[in-house]
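Chain and residue survey
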Amino acid sequence: MKNIIIAGGNGFLGKQFADFLIQKKNYNVHIIDLRKNSEMKKNLFQYKCNVLNEKSFSKLIKSIKKKFKSIDVLINCIAKDYNPNLKNSFSFDNLNIKMFKKDMEISILSSVITSKHVSNIMIKQKKGNILNIGSDLSFISPNQNIYTNFVKPVSYSIAKHGIIGLTKYLSTYLAKYNIRCNALCPGGVYKNHNKKFVKNLSKLIPMNRMARIDELNKAMFFLISDDSSYVTGHSLIVDGGRTIW
């Protein structure tokens, strides 16, 4: 059985990936999150842990490795984002530095910590696969005109651009250990957004719609499976063509 760690596995995207993967044969899915989901399914394991606490995370990862013999895949789904349906005060000229630092810890430092400790195990195994979650905003700036009473915070742009840098760095640093690292970069995924926002965003997308959450599953699975055995350092953009315009 292959063992997949999903950091942030009870979030919007992580849960979708977990539900998809446990339907596959030969996979154990290990969700690490700040909260445990009460859902019980075969080959699904839940762990409550704040990955920013290095000591706790390292101890947990080592216990999973000891019990299940290997850690084959790490999917980093932890990120801080804000609902555009809500009003906020994230304008750059009024930037709250304390909030900014917290956003960066959640969206970048968490992936650095998880990658550090899981790759230490993968190095000893001489194999492994890390998948980071970027965004179409890893490559373009947010178009603030699509929002009403909302400003996409600068922390999100910096974090998602940083995820690509982390992916490229790890792909070269870990290649000699037979460890691959790629990034999946979704465009806007529909989640009960208000109609005006959906209409404004859809105008920026050649396919004229937001993504359905399930449309990311096979792209994710390609990058963590042997079908992409010669792919590393790559950012797979799944955005309906938005970044082309």
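Residues numbered from 1 in each chain as written. Predicted model: local features only at pLDDT ≥ 70, side-chain atom pairs only at ≥ 80, totals over all residues. Heavy atoms only, no water.

1. Re the overall build of the protein chain
Basically, it comes down to this: Going along the chain from the N terminus, every DSSP run of H or I of four or more residues is numbered as a helix, and every run of E of two or more is numbered as a strand. Our radius of gyration is a C-alpha quantity, and the globule rule it is checked against amounts to 2.2 Å times the number of residues to the power 0.38. In this scheme, a residue with accessible area under 20% of its type's maximum is buried, one over 50% is exposed, and one in between is partly exposed, where area comes from a 1.4 Å probe on protein chains only. What makes two residues a contact is simply this: any of their non-hydrogen atoms within 4.5 Å. Method for areas: the Shrake-Rupley scheme with a 1.4 Å probe, in which residue coverage is limited to the protein chains shown. The convention is simple: Lys and Arg are positive, Asp and Glu are negative, and His and the chain ends are not counted. To locate a charge, take atom NZ for lysine, CZ for arginine, CG for aspartate or CD for glutamate.
Along the backbone of the protein chain there are six helices and seven strands. The order of helices and strands in the protein chain, counted from the N terminus, is β-α-β-β-α-β-α-β-α-β-α-α-β. In terms of C-alpha radius of gyration, the protein chain reaches 18 Å, essentially the compact-globule figure of 18 Å for 245 residues. With respect to the three principal axes, the spread of C-alpha positions in the protein chain is 50 × 40 × 40 Å. By the burial criterion, 50% of the 245 residues in the protein chain qualify as buried. A sequence separation of at least 24 residues applies to 73% of the contacts in the protein chain between residues at least 6 apart. When the accessible surface of the protein chain is summed, it comes to about 13000 Å², and 55% of that surface belongs to carbon and sulfur atoms. Taken together, the 39 basic and 15 acidic charged side chains of the protein chain have centroids lying 5 Å from each other.

2. Describing the environment of L34
Note that L34 resides in the loop between β2 (27–33) and β3 (44–48). Between the C-alpha atom of L34 and that of L137, which follows or precedes it by 103 residues, the distance is 25 Å. Those residues within four positions of L34 in sequence are excluded, and the remaining contacts are K48, C49 and N50.

3. Some remarks on unusual backbone geometry
A positive phi angle, near 65°, is found at N43, a position not held by glycine. Residue placement: N43 occurs in the loop between β2 and β3. Positive phi is not limited to glycine here, since N208 has a value of about 60°. Counting through the fold element by element, N208 comes out in the loop between α5 (195–202) and α6 (217–224). With a relative accessible area of 53%, N208 lands in the exposed category.

4. Notes on the sheet that holds strand β7 (residues 235–238)
Inclusion rule: Note on pairing: DSSP must find at least two bridges between two strands before they are called paired. Note on geometry: axes are C-alpha line fits, over the in-contact stretch for helices, and angles between N-to-C directions span 0 to 180 degrees.
The seven strands are arranged β3-β2-β1-β4-β5-β6-β7 in an open sheet whose pairing can be described as parallel. The outermost strands of the open sheet, each flanked by one partner alone, are β3 and β7. The mean angle between the axes of side-by-side strands here comes to 20°, regardless of whether they run parallel or antiparallel. Set on the sheet, helix α3 (residues 97–125) makes contact with β1 (2–7), β4 (73–76), β5 (128–133) and β6 (179–186); between it and β4 the angle comes to about 175°. Where α6 meets the sheet, its contacts fall on β1, β2, β4, β5, β6 and β7, and the angle it forms with β6 comes to roughly 165°.

5. Thoughts on the packing of α3 against helix α4 (residues 154–173)
The condition is simple: Roughly parallel means an angle under 35 degrees; roughly antiparallel, over 145; roughly perpendicular, 65 to 115; everything else is oblique. Handedness of a crossing follows from how the near helix is turned relative to the far one, being left-handed for an anticlockwise turn of less than a right angle and right-handed for a clockwise one. Each residue receives one of three labels: charged for Asp, Glu, Lys and Arg, nonpolar for Ala, Val, Leu, Ile, Met, Phe, Trp, Tyr, Cys and Pro, and polar for the others, Gly being one of them.
Direction vectors running N to C along α3 and α4 enclose 15°, while the axes themselves pass 9 Å from each other. On the basis of the axis angle, α3 is roughly parallel to α4. Between α3 and α4 lies a crossing whose hand is right-handed. On α4, the residues touching F100, D103, M104, S107, I108, S111, V112 and S115 of α3 are V154, S155, I158, A159, G162, I163, L166 and L170. When grouped by side-chain class, the residues that make up the contact of α3 with α4 number 10 nonpolar, five polar and one charged.

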